[in-house]
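# Chain and residue survey
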Amino acid sequence: MSGSTASRLPLGNQMTQTLREILHSVSPYDEIDPEAWPDDLQGWGSDHPVLGAAIEKLRPKRIVEVGSWKGRSAINMARIVRSLGLECEIVCVDTWLGSPEHWLRAGPGWYESLALKNGYPQLYYTFMGNVIRHGFQDIITPMPMTSESAAAVLRHLKVTFDIAYIDAAHEYAPAKRDFVAYWDLLSENGAMIGDDYIIWPGVTQAANEFALERQLKIVGEPGKFVVSKGSGLTPAIGL
Ligand SMILES: C[S@@+](CC[C@H](N)C(=O)[O-])C[C@H]1O[C@@H](n2cnc3c(N)ncnc32)[C@H](O)[C@@H]1O
């Protein structure tokens, strides 16, 4: 077997590697000038205390965020990770192509935030610029893929996460698919936190159905829900 083939095969067993090392042969942050991109950390529910409380309780080694937009929630989690002195990688899965609500101008400035160039969003660079500006390149690893494709890659790599924060599509079918796919990527005592619970009907239906089908206890309030593989998490995080 040639050396180059052999070096590609054992990916799934290299559990000590970071996703950064596995996915990116050079730093994804190379040659990005943050000043060329807007200093704009728009987000929704990105600083909710449940994220910090879950990180404090679970002391994760790996977090996956599905749906990152401009990076506000990822940067919030990275700040908490650093303040606790944890060695933790936050993997951000997003197409950075926006969701229907952004293209359909459902909120002020949402369409403009896509930063279309030749008709193609440049939102990824807004995200990367924000991560660099706030100094979290060492913690945050971008994975620019659909949530479905990223889950397939992560499954293949046999990578698990201690926390999955799901905040991508808000329609019933893709939201349910994300809940199923990323729940199955959680470690033994891992927890999944979802955004927009009770606020977006598709998300709420998908989350409730998912929990029912898997016979899981779901706790939530308008904005966030949590399902956990371990016990004792939800009382500890105030939900
Ligand atoms: C609500 S925003 C995320 C906000 C972010 N969590 C925050 O609080 O700052 C939703 C993001 O999900 C992404 N997205 C939507 N559907 C997706 C999919 N199927 N796969 C990957 N990303 C998706 C969009 O590009 C968008 O950036």
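Further up the page is the structure itself.
Report follows, based on the coordinates. Residue positions are counted from 1 within each chain, in the order its sequence is given. Per-residue local features are limited, in this predicted model, to residues with pLDDT of at least 70; the limit for side-chain atom pairs, both in listing and counting, is 80 or more; totals at the level of whole chains, interfaces and linings are taken over all residues. To get the side-chain values, take all heavy atoms of the structure and skip hydrogens and water.

## So, the packing of helix α8 (residues 147-157) against helix α9 (residues 172-183)
Definition in use: Angles here are taken between N-to-C directions and fall from 0 to 180 degrees, while the axes themselves are lines fitted to C-alpha atoms, restricted in helices to the stretch in contact. In DSSP terms, a helix is any run of H or I states spanning at least four residues, a strand is any run of E spanning at least two, and both are numbered starting from the N terminus. Oblique is the label for any angle not under 35 degrees, not over 145, and not in the 65 to 115 range, which are roughly parallel, roughly antiparallel and roughly perpendicular in turn. Rotating anticlockwise by less than a right angle from the far helix to the near helix defines a left-handed crossing, while the corresponding clockwise rotation defines a right-handed one. We call two residues contacting when some pair of their heavy atoms lies within 4.5 Å. Under the convention adopted here, Pro, Cys and the residues Ala, Val, Leu, Ile, Met, Phe, Trp and Tyr are nonpolar, Asp, Glu, Lys and Arg are charged, and Gly plus all remaining residues are polar.
Running from amino to carboxyl end, α8 crosses α9 at an angle of 15°, the nearest separation of the two axes being 10 Å. Classed by the angle they form, the pair α8 and α9 counts as roughly parallel. Where α8 crosses over α9, the two elements pack in a sense that is left-handed. Here Ser147, Glu148, Ala150, Ala151, Leu154 and Arg155 of α8 come into contact with α9, specifically with Arg177, Asp178, Ala181 and Tyr182. Of the residues that constitute the contact of α8 with α9, the class distribution is five nonpolar, one polar and four charged.

## Structural notes on empty space enclosed by the protein
Using the following cut-off: Any residue with an atom within 4 Å of a point lines the site, the site being either a cavity, points on a 1 Å grid over the protein atoms alone where a 1.4 Å probe fits but cannot get out, or a pocket, an open set with protein on both sides within 12 Å along at least 5 of 7 lines. Grid points are joined across faces, edges and corners, and a volume is the space filled by probe spheres set on the points.
The tally for this structure, following the rule as stated, stands at one cavity of 30 Å³ or more. What the largest cavity holds in volume is close to 40 Å³. Around the largest cavity sit Ile166, Asp167, Ala168, Ala169, His170, Ala175, Asp178, Phe179, Asp195 and Val203, which together line it. Residues belonging to the lining of the largest cavity are distributed by class as follows: six nonpolar, one polar and three charged.

## Describing the pattern of salt bridges
To be explicit about the condition: Should a side-chain nitrogen of Lys or Arg be within 4 Å of a carboxyl oxygen of Asp or Glu, the pair is scored as a salt bridge.
Enumeration according to the criterion identifies nine salt bridges in this entry. A single salt-bridge network, built from bridges that share partners, covers Lys176, Glu209 and Glu213.

## Describing the site of the ligand
Quick reminder of the rule: Here a residue is considered near a molecule or strand provided that any single heavy atom belonging to it is located within 4 Å of it. Any N or O atom pair separated by 3.5 Å or less is treated as a polar contact, with the protein-specific requirement of one donor-capable and one acceptor-capable atom, and with residues adjacent in sequence counted only for side-chain atom pairs.
Taken together, 22 residues lie near the ligand, and Ser46, Ser73, Asp94, Ser147 and Asp167 sit nearest. Interatomic distance of 2.8 Å between a side-chain N/O atom of Asp167 and a nitrogen atom of the ligand.

## A closer look at the sheet that holds strand β2 (residues 89-93)
Defined as follows: For two strands to be treated as a pair, DSSP must find no fewer than two bridges joining them.
Reading across the sheet, the seven strands line up as β3-β2-β1-β4-β5-β7-β6 and stay open at both edges, with mixed pairing between neighbours. Because the sheet does not close on itself, it has two edges, and the strands there are β3 (140-143) and β6 (219-221). The average undirected angle you get between the axes of adjacent strands in this sheet is 15°. Pairing of β6 with strand β7 (residues 223-228), which is carried by three bridges, proceeds in the antiparallel orientation. Looking at β7, one finds that Val219 is bridged to Val226.

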